Amino acid sequence: MASESSPLLAYRLLEEEGAAFPASGAGGPGGVSARKLSTFLGVVVPTVLSMFSIVVFLRIDATGPSGLRVLPQGYGWSLLYGSLLLGLVGGVCTLGAGLYARASFLTFLLVSGSLASVLVSFVAVGPRDIPLPPRPGPNGSSLPPRLGHFTGFNSSTLKDNLGAGYAEDYTTGAMMTFASVFAVLFNGCTGIMAGANMSGELKDPSRAIPLGTIVAVAYTFFIYILLFFLSSFTCDRTLLQEDYGFFRAISLWPPLVLIGIYATSLSASMSSLIGASRILHALARDDLFGVILAPAKVVSRGGNPWGAVLYSWGLVQLVLLAGKLNTLAAVVTVFYLVAYAAVDLSCLSLEWASAPNFRPTFSLFSWHTCLLGVASCLLMMFLISPGAAGGSLLLMGLLSALLTARGGPSSWGYVSQALLFHQVRKYLLRLDVRKDHVKFWRPQLLLLVGNPRGALPLLRLANQLKKGGLYVLGHVTLGDLDSLPSDPVQPQYGAWLSLVDRAQVKAFVDLTLSPSVRQGAQHLLRISGLGELLPSSEE
């Protein structure tokens, strides 16, 4: 059985507590057992903070209450601010998972405090009118200032907010739809893989990932539902549609909301960057894309893949050039949906193949849920952006074709072979010898080959005679297994299969060891084939 020695598998799945990586592994020379994170720090905290990443779409106005400009604005300034923050995030991730875990825990405390202040503010703050951000009018003029209303808990406000009522996004000027709103809100679900991305850093990945992820998802789901309910009960539609940063206006202490937004954004960025760098490092070590990912192989003496972090940092820096987050949200969501569809498809394939090493412990797992996940992801991709969906699927196809052409690591195994085995076995069992009929007869050949070097014409002739029937190449190796240290037949299968490929024939190979050619031929006549697929020995 081929061992699963691929770096991608070894780094992300197979590390156990106290185990050390090999000298060339992701853990660096000799392995590093110290970089182990608990379920809370390694899974719950980064997943929660990543799933709160929707706050990056809350707009922070450039003017304060007095109308004074706080920071210079514009595309260049926004790019500069983003680059500086990305540099900070990249620096933390470059220094290793330990510093990242401490920074994540600090931001978790800040976000929790900010969130608590927002929830208290919904109850403690009385009704008030809130000035809305100015909107540009025709010919560069500004429209008259307008007000949004925080009504406090009011059933009429809730009733007015129950309908869809899609309006124009005041930051981009685009008309919002269900697909565009879904694309923005879906970014709050993309952190579900944050714990799995850090599997190589966890003490007990098999327990920490499912437990931590479920806890984090349940917690964030409850918080989101609570915020949706409180907002729709207390804020009129105008305020919700015209001021994405309305939490500050209704907060008891507005600076705390800003702190929470910045902290969540930084933490979500750190989680995405360090998770992506780990995956990129594993892909680079597997040589899946050759020299393109060669810089991502570099690791520090302590085992931190800082080369992959810098590589990921450079890719994110290119993304910052896009500028508008709402414009980018659709593309990001589509790529996430492609990734989730691929995960669902992998689980579906393993379940359909009945792979004995695929034993999910989640009691609600079923191939029906996998199929529903694949179909849902594909449907939402095309609803959000047909062009981006088609482009992403085309890119996936090109990458798959490239990997197939280059030939992936054989130690990974191929799920296609497991699926084929499952189907072949199933249909072989359905072949019933009692239902044979002469009008469906076809030749099933066993060709005994002594010297394969001079038998290519004979191999091709028999291949033409088989007419869709069974074709077996047999060879007898003279010898007695009792007097030999090992079986000399097994090492020969690879050479015979290469001969089949070179001759371009559709044949199976069956080899045997016998004291004489006559006895060997009798062995092959009796044991070749399987089920109803047997050489024709009586016709």
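The protein goes by Solute carrier family 12 member 9 in an unreviewed UniProt entry, where it is assigned to Propithecus coquereli. Recorded under Subunit (unreviewed entry), the UniProt text for the protein is reproduced unchanged: "Interacts with SLC12A1." The UniProt entry for the protein carries the following text under Function (unreviewed entry): "May be an inhibitor of SLC12A1. Seems to correspond to a subunit of a multimeric transport system and thus, additional subunits may be required for its function. May play a role in lysosomal ion flux and osmoregulation."

Draft legend 1. Representation of the overall build of the protein. Helix and strand counts for the protein come out as 19 helices and five strands. Within the protein, contacts between residues separated by at least 24 positions form 74% of all contacts whose residues are at least 6 apart in sequence.

Draft legend 2. Local environment of empty space enclosed by the protein. This structure, assessed with the given rule, holds one cavity of 30 Å³ or more. Here the largest cavity defines a volume of roughly 50 Å³. For the lining of the largest cavity, the per-class residue count stands at six nonpolar, no polar and two charged.

Draft legend 3. Layout of a nonpolar patch on the surface. Residues Leu106, Leu110, Val120, Leu252, Trp253 and Ile259 make up a contiguous nonpolar surface patch of about 570 Å² in total accessible area. At three residues, helix α4 (residues 97-124) tops the list of elements feeding residues into the nonpolar patch. If you trace the backbone, Leu106 turns up in helix α4.

Draft legend 4. View of the packing of helix α6 (residues 178-186) against helix α14 (residues 367-384). Viewed as axis vectors pointing N to C, α6 and α14 meet at an angle of 115 degrees, and their least axial separation amounts to 8 Å. Read as a crossing pair, α6 and α14 show a hand that is left-handed. Facing α6, whose interface residues are Phe178, Ala179, Phe182 and Ala183, α14 presents Met380, Leu383 and Ile384. Here the contact of α6 with α14 is built from residues that sort into seven nonpolar, no polar and no charged.

Draft legend 5. Representation of the layout of surface pockets within the structure. For the second largest pocket, the calculated volume is near 1300 Å³. If you go around the second largest pocket, you meet 41 residues; those closest to its centre are Gln444, Leu530, Glu532, Leu533 and Leu534. Examining the composition of the lining of the second largest pocket, we find that 10 residues originate from one element, helix α16 (residues 415-430), more than from any other.

Draft legend 6. Seen up close, the packing of helix α3 (residues 75-94) against helix α12 (residues 306-319). Relative orientation of the contacting elements α3 and α12 amounts to 165 degrees, with a least axis distance of 10 Å. The angle between α3 and α12 falls in the class roughly antiparallel. The hand of the α3/α12 crossing is right-handed. Contacts between α3 and α12 involve Leu79, Ser83, Leu86, Gly87, Gly90, Cys93 and Thr94 on the former and, on the latter, Trp306, Val309, Leu310, Trp313, Val316 and Gln317.

Draft legend 7. Inspection of unusual backbone geometry at higher detail. You will see that Ser354, though not glycine, has its phi angle at about 55 degrees, which is positive. Among the structural elements, Ser354 can be located in the loop between α13 (325-352) and α14. For Gln504, which is not glycine, the phi torsion reads 55 degrees and is therefore positive. Along the chain, the position of Gln504 falls in the loop between α18 (493-503) and β5 (508-514). Since its relative accessible area comes to 69%, Gln504 is described here as exposed.

Draft legend 8. Looking closely at the sheet that holds β5. An order of β3-β4-β5 is seen for the three strands of this open sheet, with the pairing classed as parallel. In the strand order of this sheet, the two ends are held by β3 (445-448) and β5, each with one partner. Averaged over all neighbouring strand pairs, the angle between strand axes comes to 25 degrees, with direction disregarded. Across four bridges, β3 lies against strand β4 (residues 471-478) in parallel orientation.

Draft legend 9. View of the pairing of strand β2 (residues 147-150). Judged by which residues are buried, β2 turns out to be one-sided: Gly148 and Phe150 face inward and are buried, whereas Leu147 and His149, on the alternate face, are not. In this structure, strand β1 (residues 128-131) lies alongside β2, joined through four bridges in antiparallel fashion. The residue bridging Ile130 from the neighbouring strand is Gly148, located in β2.

Draft legend 10. Inspection of the environment of Tyr219 at higher detail. Structurally, Tyr219 can be placed in helix α8 (residues 205-234). Separated by 175 residues in sequence, Tyr219 and Val44 have C-alpha atoms that sit 9.5 Å apart.

Draft legend 11. Inspection of the nonpolar core at higher detail. Core analysis: the largest hydrophobic core is formed by 18 residues, its most contacted members being Leu447, Val449, Leu459, Tyr471, Leu473, Trp496 and Val505. Among the elements of the structure, α17 (456-465), β4, α18 and β5 are those that each provide at least two residues to this core. Among the elements that make up this core, the one with the highest residue count is α18 (four residues). Here Trp496 is in contact with Val449, Pro452, His475, Val509 and Leu511, once residues within four sequence places are set aside. Counting residues in each nonpolar core, the second largest holds 17 residues, with Ile223, Leu230, Ile250 and Val257 among its members.

Draft legend 12. Up close: the environment of Val517. Among the secondary structure elements, Val517 is positioned in helix α19 (residues 517-527). As a C-alpha pair, Val517 and Leu448 span 69 residues in sequence and 10.0 Å in three-dimensional space. Discounting residues that sit within four places of it in the chain, Val517 has contacts with Val476 and Leu478.

Draft legend 13. Just the environment of Phe122, in detail. Along the chain, Phe122 falls in helix α4. Taking the C-alpha atoms as reference points, Phe122 and Leu227, 105 residues apart in sequence, are found 9.5 Å from one another. Other than its neighbours up to four places away in sequence, Phe122 contacts Phe150, Phe153, Leu227, Leu230, Ser231, Thr234, Phe247 and Ile250.

Conventions adopted
Residues numbered from 1 in each chain as written. Predicted model: local features only at pLDDT ≥ 70, side-chain atom pairs only at ≥ 80, totals over all residues. Heavy atoms only, no water. UniProt positions renumbered as here; feature names shortened; annotations may be inferred. Helix = DSSP H or I, 4+ residues; strand = E, 2+ residues; numbered from the N terminus. Contact = heavy atoms within 4.5 Å. 1 Å grid on protein atoms, 1.4 Å probe; cavity = no way out; pocket = protein on both sides within 12 Å on 5 of 7 lines; lining within 4 Å. Points joined across faces, edges and corners; volume = space filled by probe spheres on them. Nonpolar A, V, L, I, M, F, W, Y, C, P; charged D, E, K, R; others polar. Patch = residues over 30% accessible without salt bridge, like charges linked within 9 Å, V, L, I, M, F, W, Y side chains within 5 Å. Areas by Shrake-Rupley, 256 points an atom, 1.4 Å probe, with all protein chains shown as cover. Salt bridge = Lys/Arg side-chain N within 4 Å of Asp/Glu carboxyl O. Axes fitted to C-alpha atoms, helices over the stretch in contact; angles between N-to-C directions. Left-handed = near helix turned anticlockwise from the far one by under 90°. Parallel < 35°, antiparallel > 145°, perpendicular 65-115°, else oblique. Buried < 20%, exposed > 50% of the residue type's maximum accessible area, 1.4 Å probe, protein only. Pairing = 2+ DSSP bridges. Core = buried A, V, L, I, M, F, W, Y, C linked by side-chain atoms within 4.5 Å.

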